[in-house]
Amino acid sequence: MTSLPATVTAGPSDLPPNTCALPRTGQLAGLLTAIRDKQTARGDFIFYSDRIIRLLVEEGASEALSARPQTRRRTLAGGDLVADQSSPSLQTGLNHLPVVEKTVTTPTGLDYNGVSFEGRICGVSIMRAGEAMEAGLRECCRAVRIGKILIQRDEETAQAKLFYAKLPDDIQSRYCLLLDPMLATGGSAIKAVEVLIDHGVPQERIIFLNLVSCPEGLRAMYSAYPQVKVVTAWVDDGLDAHKYIVPGLGDFGDRYFTSN
Ligand code: PRP
Ligand code: URA
């Protein structure tokens, strides 16, 4: 048995510039291994997915920065040797929101020169699977407003179809954390961004939070909306003939909401 260090770093090195992938720590790889395993029952799938979602939304910049790539030439999957990555952006969801200076007085009577978030935010989930990410966002941003966009991929063609959107009235003045755990062809996420833009949200105010992506979807999003930030927990190898992510984890929505 090979024992792997706590920080595993090598991921794809040619990500589009709007993409931020979480550092490949042993913890993250372990959580993903649990949800990739087809034997994992729904209760555990929910538990481990929720933990990754929480990391995506909240993980502190300091922890992320401390896991900056070190020299290492092997992936956790134990397969291909990959080139080391220099230093991608390692911020997580909330770390992409701008802050402004704020000074408060502490109970000791002294001033503390700190920061507070600039601007207001909202979450927007792409139904159904994106709804699994709402609780993680609420745990970090109490009473956050959440809009919903129902987009479904046609099971035969994998084309995304928009059915419904219900968004906060003042969404155009908020930063939008767009939520969907899977980015495959990119069709669903791109359609959701279109809806947000039609509602007046500038693309640079949209941050797409995602668990598993692949180069095809990331490239599609970048060429459609280069200023939308994509924060993904893991970039997989690609798509199979049915446009499923490989190695992937299957149908996230089914596994989280309806499977045994
Ligand atoms: C899944 C997933 C994404 C989409 C990704 O949803 O949650 O929304 O597919 O694929 P794409 O990048 O090729 O568009 P699906 O339409 O299967 O619906 P669900 O959320 O009800 O499972
Ligand atoms: N939707 C999923 O849930 N999984 C995939 O691999 C692709 C689309």
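The rules we used
Residues numbered from 1 in each chain as written. Chains lettered and ligands numbered in written order. Predicted model: local features only at pLDDT ≥ 70, side-chain atom pairs only at ≥ 80, totals over all residues. Heavy atoms only, no water. UniProt positions renumbered as here; feature names shortened; annotations may be inferred. Pairing = 2+ DSSP bridges. Helix = DSSP H or I, 4+ residues; strand = E, 2+ residues; numbered from the N terminus. Axes fitted to C-alpha atoms, helices over the stretch in contact; angles between N-to-C directions. Contact = heavy atoms within 4.5 Å. Parallel < 35°, antiparallel > 145°, perpendicular 65-115°, else oblique. Left-handed = near helix turned anticlockwise from the far one by under 90°. Nonpolar A, V, L, I, M, F, W, Y, C, P; charged D, E, K, R; others polar. Near = heavy atom within 4 Å. Polar contact = N/O pair within 3.5 Å; in protein donor to acceptor, adjacent residues only side chain to side chain. Areas by Shrake-Rupley, 256 points an atom, 1.4 Å probe, with all protein chains shown as cover.

- Under the annotation held in an unreviewed UniProt entry, the protein carries the name uracil phosphoribosyltransferase and is attributed to Rhodotorula mucilaginosa.
- Listed under Pathway (unreviewed entry) in UniProt, the entry text for the protein is "Pyrimidine metabolism; UMP biosynthesis via salvage pathway; UMP from uracil: step 1/1."
- Under the UniProt heading Sequence similarities (unreviewed entry), the entry covering the protein gives this text: "Belongs to the UPRTase family."

**Quick look at the sheet that holds strand β9 (residues 229-235)**
Right, so step 1: In spatial order, the strands read β1-β9-β8-β7-β4-β5-β6; together these seven strands make up an open sheet with mixed pairing. Two strands close off the open sheet at either side, each with one partner strand: β1 (19-21) and β6 (160-166). Across this sheet, the average inter-strand angle for adjacent strands is 25 degrees, counted without regard to direction.
Right, so step 2: The strands touched by helix α2 (residues 42-58) are β8 (206-213) and β9; relative to β8, the strand with the most contacts, the crossing angle is about 145 degrees.

**Some remarks on the packing of helix α5 (residues 187-198) against helix α6 (residues 215-224)**
Right, so step 1: Running from N to C, α5 and α6 cross one another at 25 degrees; their axes reach a closest spacing of 9 Å. Considering their axes alone, α5 and α6 lie roughly parallel with respect to each other. The handedness of the crossing between α5 and α6 comes out as right-handed. Along the contact surface, α5 presents Ala189, Ile190 and Val193, while α6 presents Ala220, Met221 and Ala224.
Right, so step 2: Taken together, the residues of the contact of α5 with α6 sort by class into six nonpolar, no polar and no charged.

**What to know about the site of ligand 2**
Right, so step 1: The local shell around ligand 2 consists of Arg153, Met182, Ala184, Lys243, Tyr244, Ile245, Gly250, Asp251 and Phe252.
Right, so step 2: Residue Ile245 places a main-chain N or O atom 2.8 Å away from an oxygen atom belonging to ligand 2.
Right, so step 3: Backbone polar atom of Phe252 to an oxygen atom of ligand 2: 2.9 Å apart, as the coordinates give it.
Right, so step 4: Within the complex, 89% of the 240 Å² of free accessible area of ligand 2 lies under protein.
Right, so step 5: Per-class residue counts for the shell around ligand 2 are five nonpolar, one polar and three charged.

**Regarding the site of ligand 1**
Right, so step 1: Not every one of the 15 residues close to ligand 1 is listed here, only the nearest: Ala129, Arg153, Asp180, Thr185 and Ser188.
Right, so step 2: At 2.7 Å, a backbone N or O of Arg153 approaches an oxygen atom of ligand 1.
Right, so step 3: Ser188 is positioned such that a nitrogen or oxygen atom in its side chain is 2.6 Å from an oxygen atom of ligand 1.
Right, so step 4: Mapped onto the shell around ligand 1, the elements with two or more residues apiece are β5 (145-153) and α5.
Right, so step 5: Counted by class, the shell around ligand 1 contains five nonpolar, six polar and four charged residues.

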